[in-house]
Each structure stands twice: as structure tokens, then as C-alpha cells.
Amino acid sequence: MTTTLPTAELAPPAKRAPAAVRKRGRKRHSTPLTIAMLAVLAYFLLPLLWLLVASTKSTQDLFNTFGLWFSHAPQLLANIRATFTQDDGVFVHWLLNTVMYAGVSSVGAALLAAAGGYGFAKFRFRGDRVAFNLVVGAVMVPATALAIPTYLLFAKAGLVNTPWAVILPSLVNPFGLYLMRVYAEDAVPDSILEAARIDGAGEARIFFRIVLRLLGPGLVTVLLFTLVATWNNYFLPLIMLNNPNLYPVTVGLSSWAAQAQNGGAGSSSDMLALVVTGSLISIVPLVVAFLMLQRYWQSGLASGGVKQ
């Protein structure tokens, strides 16, 4: 008599996945890497924490209390009010000047970089490689090395102590042009350009109606880089401007810091608290700009750095 065993009993036992495969599926944690990332995070955030805490203190409390904790009598609102009313509200002029310098320079530099990068990427002309190599070489030249020649050139042109002395040099952004050239090679298909030319569109119309839309993420990336560089620029406005009403916030706060160091008792002794509070106020627009445009900035960097 033949006995038939159930199929389940005849089936071979299920094989377990190898240990290496099981380990590969798990998330791996690296203690040294975690410590390194925490150290980097502290390096960037501790100065901001100190600035926020110090803005709530008086000048006396800045020296008599722990730097990373609040004093017994915080006075942030009083410091902000004093900062905006000091010297007949000159800080407001400095802040508006900075917004104008950074805004005009960033938009202009982004448009020029987009036009130049698009031209290098999609057009061929005699000496294009040499010209682009000169642009790449200009990236390595520090801006401080060009400050004195720029001052002499603008002095001959009669533009010293005018807003143009800060705006015009900031429009030149070799790194932005290089970034836009790399981005335009992949972001602007040749087929779209040819179709637009067949339909009778001119080069200017193609650039402003088609190319700028395709270069949007890269354009925002260059705009943010130039915005931060111009907003934080100190040396160029320092040598170009003599009128305090034309100062950006960086040079203006530096002049207040000099008064705090040279002044004795009286109102000058409270200048240091105003400098710290003014520094906190000056970084708020940059934080807002990054929070609003970070998604374009991140996509622009990713698209410009990877060829498909």
C-alpha cells in the first residue's frame, strides 16, 4: 500500500537569506560619522546662537554673563528700538542701501551669467575656448586683489562714492557664468532652439521667452550666490564709499564698532550692544531668501553638476 505524503511535507525548507544580505538591508550607523556631523552642526549653529543671545543683552551684560545664555534682564526689544533710532535712524538707510546693492547686483549678475553661459554652451565662434578658459581662470582670482585696480578705474570714471561703485563690480561673476554654461549644456535642448528658429523667432526672443525659463533653477542658484556675496561684501564698499548715508550695513556696523572701541563713558559705551543687534537684524533677510528659494537652489546645483 502506497502512502502519499502531503505536498507541504515534501517541500524543501525555505532558505534563509544570507547574513550579508540581511545586514545590507538594515540601516547602518556610524558613531564617528555622527560625532563629526554634530561637530560640524555645532560649528555653524553656535555663532548664530551666540548672536541671538547676545542681542538680548546690554553692553555690560555682554562682558559679565555667560555668552551662550540669556541675562537676568533680557532687552531685545529695547536693543532693536535703539538700533533703529541711533543717529537719526541711519541704520535704516544702511539696510535699504544693502537691499538695493544686493538686489540689483544679484539680478543683473544672474542675467549676465545666464546670457554668457548660454552663449558659450550653444554657440561656436572663433576663440570661444580661449575666452571660456579666461573665465575659468578668473574664478581663481580673489576679489580683494582686484579692489584697488577697480577703485583706480572708477576714480578715473568719476563713479567713486556713488552706488554704481558697488553695483557695477558685483555684476561680474565668473563662477556664475561657468555654472550657467555647464547647466545650459543639458537644460536647453538643441531641438527646441531649432524649432523656434524655424518658426521665425529671433535670438533675443528665444533667449527671453524660452531659454530663461529652462535655466530657471540655475538662474536662482547664481542669484543666491551673488546676493549673499554682495550682502556680506565689506572691503569693496569700504574703499569706494565715503558718505555714511551710502554705506551698506557691513560698513555701517563696522563704523559703530570703531566708535564702541574708541568711546568711553556715555552713549558710545552702549554701541557694542547696537552692533550685535544690528548684525542679527542684518542676517534675517538672507535667511528668509534662502528659505523661500532653497528648492530652486538645490535643484539648480543638482542639475548643473550631473550630466545626463
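Residues numbered from 1 in each chain as written. Predicted model: local features only at pLDDT ≥ 70, side-chain atom pairs only at ≥ 80, totals over all residues. Heavy atoms only, no water.

**Section: the overall build of the protein**
The number of helices and strands found in the protein is 16 helices and 0 strands. Scored against the burial criterion, the 308 residues of the protein give a buried share of 35%. In the protein, the share of contacts with a sequence separation of at least 24, taken over all contacts with a separation of at least 6, comes to 74%. Roughly 19300 Å² of accessible area belongs to the protein as shown, and the carbon and sulfur atoms make up 66% of that amount. (Helix = DSSP H or I, 4+ residues; strand = E, 2+ residues; numbered from the N terminus. Buried < 20%, exposed > 50% of the residue type's maximum accessible area, 1.4 Å probe, protein only. Contact = heavy atoms within 4.5 Å. Areas by Shrake-Rupley, 256 points an atom, 1.4 Å probe, with all protein chains shown as cover.)

**Describing the pattern of salt bridges**
Per the counting criterion, the structure on display carries 4 salt bridges. Among the salt bridges present, the one from D190 reaches K122, with a minimum N-O distance of 3.0 Å. Placement of the pair is D190 in helix 11 (residues 190–198) and K122 in helix 6 (residues 90–122), with a sequence separation of 68 residues. The shortest N-O distance in the salt bridge between R181 and E185 comes to 3.2 Å. Separated by 4 residues within a single helix, R181 and E185 lie in helix 10 (residues 174–187), roughly one turn from each other. (Salt bridge = Lys/Arg side-chain N within 4 Å of Asp/Glu carboxyl O.)

**Re the packing of helix 6 against helix 13 (residues 216–231)**
Put simply, helix 6 and helix 13 touch, their axes get as near as 8 Å, and they point 145° apart. By crossing handedness, the relation of helix 6 to helix 13 is classed as right-handed. Residue composition of the contact of helix 6 with helix 13, by class: 15 nonpolar, 6 polar and no charged. (Axes fitted to C-alpha atoms, helices over the stretch in contact; angles between N-to-C directions. Left-handed = near helix turned anticlockwise from the far one by under 90°. Nonpolar A, V, L, I, M, F, W, Y, C, P; charged D, E, K, R; others polar.)

**Quick look at the packing of helix 11 against helix 12 (residues 203–214)**
Across the interface, helix 11 lies against helix 12 with an axial gap of 11 Å and an inter-helix angle of 145°. Of the two elements, helix 11 crosses helix 12, and the hand of that crossing is right-handed. For the pair helix 11 and helix 12, the contacting residues are I192, L193, A196 and R197 in the first and E203, I206, I210, V211 and L214 in the second. Taken together, the residues that form the contact of helix 11 with helix 12 break down as 7 nonpolar, no polar and 2 charged.

**A closer look at the environment of T56**
Positionally, T56 belongs in the loop between helix 3 (31–54) and helix 4 (59–64). On a C-alpha basis, the gap between T56 and I80 in space is 9.1 Å, while along the polypeptide they are 24 residues apart. Once you skip the residues sitting within four places of it in the chain, T56 turns out to touch F70, S71, A73, P74, Q75, L76 and N79.

**Notes on the environment of L51**
By the element assignment, L51 lies in helix 3. For L51, the contacting residues outside a window of four places in its chain are V276, S279, L280 and I283.

**A word on the nonpolar core**
Nonpolar side chains in soluble globular proteins tend to be buried together. By size, the foremost hydrophobic cluster in this structure holds 31 residues, and its most contacted members are F91, W94, M240, L241 and W256. Sorting the residues of this core by element identifies helix 6, helix 9 (164–170), helix 13, helix 14 (235–240), helix 15 (249–262) and helix 16 (271–305) as the ones contributing at least two each. Leaving out residues up to four positions away in the same chain, F91 has contacts with T83, F84, V249, L253, W256, G278 and I281. Core analysis: the second largest hydrophobic core is formed by 21 residues, A187, A196, A201 and L215 among them. (Core = buried A, V, L, I, M, F, W, Y, C linked by side-chain atoms within 4.5 Å.)

**Observations regarding helix 10**
For helix 10, built from 14 residues, the straight-helix expectation of 20 Å at 1.5 Å per residue is met to within 8% by its first-to-last C-alpha distance of 20 Å. Along helix 10, the residues that are buried comprise G176, L177, L179, M180, R181, V182, Y183, A184 and A187. (Expected span 1.5 Å × (residues − 1).)

**Thoughts on a nonpolar patch on the surface**
Taken together, the side chains of L38, V40, L41, Y43, F44, L45 and L48 present a nonpolar region at the surface, about 740 Å² in accessible area. Residue position: L41 is located in helix 3. The class of L41 is partly exposed, set by a relative accessible area of 46%. (Patch = residues over 30% accessible without salt bridge, like charges linked within 9 Å, V, L, I, M, F, W, Y side chains within 5 Å.)

**With respect to helix 3**
Between its first and last C-alpha, helix 3 extends 33 Å over 24 residues, near the 34 Å set by a 1.5 Å rise per residue. Within helix 3, the axis deviates most sharply at L45, by approximately 35°, and proline P47 lies no more than four positions further along. Those residues of helix 3 that sit buried are L51, V53 and A54. (Bend = angle between axes of the 7 residues up to and from the residue.)

**Details of the packing of aromatic side chains**
As enumerated under the stated definition, the model contains 12 aromatic pairs in all. Seen from their ring centres, Y43 and F44 are 5.3 Å apart, and the 85° between their planes marks the pair as edge-to-face. Judged by relative accessible area, which is 54%, F44 ranks as exposed. Pairing Y118 with F123 gives two aromatic rings, centres 5.5 Å apart and planes at 90°, and the pair type is edge-to-face. Looking at F123, the relative accessible area reads 30%, which means it is partly exposed. Among the aromatic residues, those joined into a ring-pair cluster are F84, F91, W94 and W256. When the ring centre of F132 is taken as reference, the NZ or CZ atom of R181 above it lies at 4.3 Å. (Phe/Tyr/Trp six-rings, centres within 6.5 Å; stacked < 30°, edge-to-face > 60°. Lys NZ or Arg CZ within 6 Å of the ring centre and 35° of its normal.)

Fair warning: the whole summary comes from geometry, so function is off the table for now.
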